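# Chains, contacts and geometry: an overview
One letter stands for each residue in the lines below.
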Amino acid sequence: MSDQQAQKQAAAKAALNYVEDGMILGVGTGSTVNCLIELLSTVKLAGAVASSQVTEDKLRALGIEIVDLNFAGTLDIYIDGADEVNEHLQLIKGGGGALTREKIVAAASNKFICMVDESKSVEMLGREFPVPIEVLPQARSYVARQLVSLGGEPVYREDFVTDYGNVILDTYDLDVSNPIELEQTLNNIVGVVCNGIFAANQADVLLKAGSNGVTTLTR
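A quick note: this is a predicted structure, and the numbers were derived from the prediction, not measured.

Attention now goes to the pattern of salt bridges. Applying the stated criterion across every chain yields a total of nine salt bridges. Residue glutamate 56 pairs with arginine 101 through a salt bridge whose shortest N-O separation is 3.3 Å. Taken together, the residues span a long stretch of sequence, with glutamate 56 in helix α3 (residues 53-61) and arginine 101 in helix α5 (residues 99-107) at a distance of 45 residues. Glutamate 56 gets classed as buried once you look at its relative accessible area, which sits at 12%. Of the residues examined, arginine 101 reaches a relative accessible area of 15% and is grouped as buried. With a closest N to O distance of 3.8 Å, lysine 120 and aspartate 117 form a salt bridge. With a relative accessible area of 17%, lysine 120 lands in the buried category. Members of the salt-bridge network, linked through shared partners, are Glu56, Arg60, Arg101 and Asp163.

Below, the structure written as structure tokens:
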């Protein structure tokens, strides 16, 4: 097992401590979340709200009831990973393309717990990892031109469609020095459904796994 995989498993075990019997749990998407899902059989959940079809299928395979967010109300906690996280617990997410559902479930939860391995911790968001932007298919070229005008380099994610039938523009070279401002600017572009900057809805708790164990940070 690689050090990174061991760190992901350690972060997932730390996140499991926040999960209680009888809870309807918001569950994210990605490799670290998959480590958590493997542990959920030890908890008696009332159900789960999944942030992607992939996660939904994995939870169902464990016999966990999938609950529609419209009927679940406000969730106690949402647990997910991230592609990048800064010291303010602001994130870039969407490498797996589930950013819109992830942001919706995070917003509908009282507490957003993010679990990462140490490789995901950065000083400034967006220097290495692009900002994924979910776009209505008809607006792809228009949105791309607007992103170029902001200094970005949008790359169409080929052969990929989101759960909502939209496309992704992975956008490099954006200035993410003010994540909250850029998140809003991107949202205001006509045709953008959602972007992968989680600054208005940043994590409440960050579980960062490293070679010396798991560090807990809160905002």
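Annotation of the protein chain at the domain level lists domain 1 (3-122 + 200-218) and domain 2 (131-197). With centres defined by C-alpha atoms, the gap from domain 1 to domain 2 works out at 23 Å. Taken together, the contact between domain 1 and domain 2 spans 17 residues of the former and 17 residues of the latter. Of all residues in domain 1, the largest losses of buried area upon contact with domain 2 belong to Leu99, Thr100 and Lys103, amounting jointly to 36% of the total for that side. The tally of links from domain 1 across to domain 2 stands at two salt bridges. Aspartate 163 is the partner of arginine 101 in a salt bridge, and the nearest nitrogen-oxygen pair spans 3.0 Å. If you look at where domain 1 meets domain 2, you find 10 residue pairs in polar contact (both at pLDDT 80 or more).

As defined by bridge partners, strand β1 (residues 24-27) adjoins strand β2 (residues 47-50) across four bridges and the pair is classed as parallel. The residue of β2 that forms the bridge with valine 27 is alanine 50. In this fold, β1 hands off to helix α2 (residues 31-39), which returns the chain to β2; that crossover is right-handed. As paired strands, β1 and strand β3 (residues 75-80) are joined by two bridges and run parallel to one another. Considered in β3, the bridge of glycine 26 is made with tyrosine 78.

Cut-offs and rules
The numbering scheme is per chain: residues are counted from 1 as the chain's sequence reads. Local features in this predicted model are restricted to residues of pLDDT 70 or higher, and side-chain atom pairs are both shown and tallied only at a pLDDT of 80 or more, whereas totals for entire chains, interfaces and linings draw on every residue. For side-chain calculations, the full set of non-hydrogen atoms in the structure is used, while hydrogens and water are omitted. The term salt bridge refers to a pairing of a side-chain nitrogen on Lys or Arg with a carboxyl oxygen on Asp or Glu at a separation within 4 Å. Comment: elements are numbered from the N terminus, with helices defined as DSSP H or I runs of at least four residues and strands as E runs of at least two. The cut-offs for exposure are 20% and 50% of the maximum accessible area for each residue type, with area from a 1.4 Å probe on protein chains only; residues under the lower value are buried, those over the upper are exposed, and the others partly exposed. Domain start and end points were adopted from an automatic or database domain assignment. Working rule for contacts: check all heavy atoms of both residues, and any pair within 4.5 Å makes them a contact. By convention, the term buried area covers the 1.4 Å-probe accessible surface removed from two parts as they join, with the contributions of both added. The term polar contact refers here to a pair of N or O atoms within 3.5 Å; inside protein, the definition further demands a hydrogen-donor-capable atom paired with an acceptor-capable atom, and it admits residues adjacent in sequence only when both atoms are side-chain atoms. Strand pairing is assigned whenever DSSP detects at least two bridges linking the two strands. Note on handedness: a crossover is taken as right-handed if, strands pointing away from the viewer, the path from the first strand over the helix to the second is clockwise.

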